[in-house]
Amino acid sequence: MASVYREISIDRDAEAAWTALRRFEAAAELFAGVVVDCRCSGDVREVIFAGGARIVEHLVTRDDSRRRLVYTVRHEAYAHHNASMQILADAAGCRFLWVSDFLPKERAGTMEPLIDAGCRALKDCLERRDG
């Protein structure tokens, strides 16, 4: 199994960042440019990426006390894929932590640039938000 772990600083109050991230249905807004559309029905969303790939994600946990989302990915390219996203408070604002675990491990070459681009998009979105 491969794991991709990313942690980035965001110049935003942790509660404000979490208020945005906890909206599972808002992937196209939060990860704009990487995700071009998101269709959500309950705890299931279909995410369409800029390159045309479509995946289905199932929300496992939305934990407001820990500011953490956990989801699984259903796609033929993966035997297994789960991920978590978390907002952590710090003195400068907050940190965004994204951990993605998947099989086959050979998908890491595809996943790492996508996760890096997603981190940049989220940072841009949250740092330019009003209020």
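Preceding this section is the structure that the text describes.
Along every chain, residues carry numbers that run from 1 in the direction the sequence is written. Totals for whole chains, interfaces and linings use every residue, but because this is a predicted model, local features are given only for residues with pLDDT of at least 70 and side-chain atom pairs only at 80 or more, for both listing and counting. Just so you know, side-chain values use all the structure's heavy atoms and leave hydrogens and water out.

Caption draft 1: Inspection of empty space enclosed by the protein at higher detail. For each structure, a 1 Å grid was placed over the protein atoms alone; sets of points admitting a 1.4 Å probe that cannot get out are labelled cavities, open sets with protein on both sides within 12 Å along at least five of seven lines are labelled pockets, and lining residues have an atom within 4 Å of a point. Grid points are joined across faces, edges and corners, and a volume is the space filled by probe spheres set on the points. Counted under the stated rule, the structure contains one cavity of 30 Å³ or more. Empty space within the largest cavity amounts to approximately 40 Å³. Considering the residues around the largest cavity, the lining is formed by Leu21, Arg23, Phe24, Ala27, Leu30, Phe31, Arg45, Leu69 and Met85. All residues other than Ala, Val, Leu, Ile, Met, Phe, Trp, Tyr, Cys, Pro, Asp, Glu, Lys and Arg, Gly among them, are scored as polar; the first ten of these are nonpolar and the last four charged. In the lining of the largest cavity, the residues fall into seven nonpolar, no polar and two charged.

Caption draft 2: Up close: the nonpolar core. Grouping buried Ala, Val, Leu, Ile, Met, Phe, Trp, Tyr and Cys residues that are joined through side-chain atoms within 4.5 Å yields what is termed a nonpolar core. To sort residues, take the accessible area from a 1.4 Å probe on protein chains only and compare it with the maximum for the residue type: under 20% means buried, over 50% means exposed, and anything in between is partly exposed. In this structure, Leu21, Leu30, Phe31, Ile87, Phe96 and Trp98 are the most contacted members of the largest nonpolar core, which totals 41 residues. Segments assigned H or I by DSSP are reported as helices when at least four residues long, segments assigned E as strands when at least two residues long, and all are numbered from the N terminus. Examining the composition of this core, we find that nine residues originate from one element, helix α3 (residues 108-128), more than from any other. Ignoring sequence-local partners within four residues, the contact set of Phe96 consists of Arg6, Glu7, Ile8, Ile10, Leu21, Met85, Gln86, Ile87, Cys119 and Leu122. Pairs of residues are marked as contacts when any of their non-hydrogen atoms sit within 4.5 Å.

Caption draft 3: Quick peek at the sheet that holds strand β4 (residues 54-63). Read from one edge of the open sheet, seven strands run β1-β7-β6-β5-β4-β3-β2, paired in antiparallel fashion. Each edge of the open sheet carries a strand with a single partner, namely β1 (2-10) and β2 (35-41). Direction aside, neighbouring strands of the sheet carry axes that sit 20° apart on average. Pairing between strands is defined by DSSP: at least two bridges between them are needed. Pairing between strand β5 (residues 68-74) and strand β6 (residues 80-90): five bridges, direction antiparallel. Paired with Val70 across the two strands is Ser84, which belongs to β6. To define axes, lines are fitted to C-alpha atoms, for helices over the stretch in contact only, and angles between the resulting N-to-C directions are given on a 0 to 180 degree scale. Helix α1 (residues 14-21) contacts β4, β5, β6 and β7 (93-103) of the sheet and is inclined by roughly 155° relative to β6.

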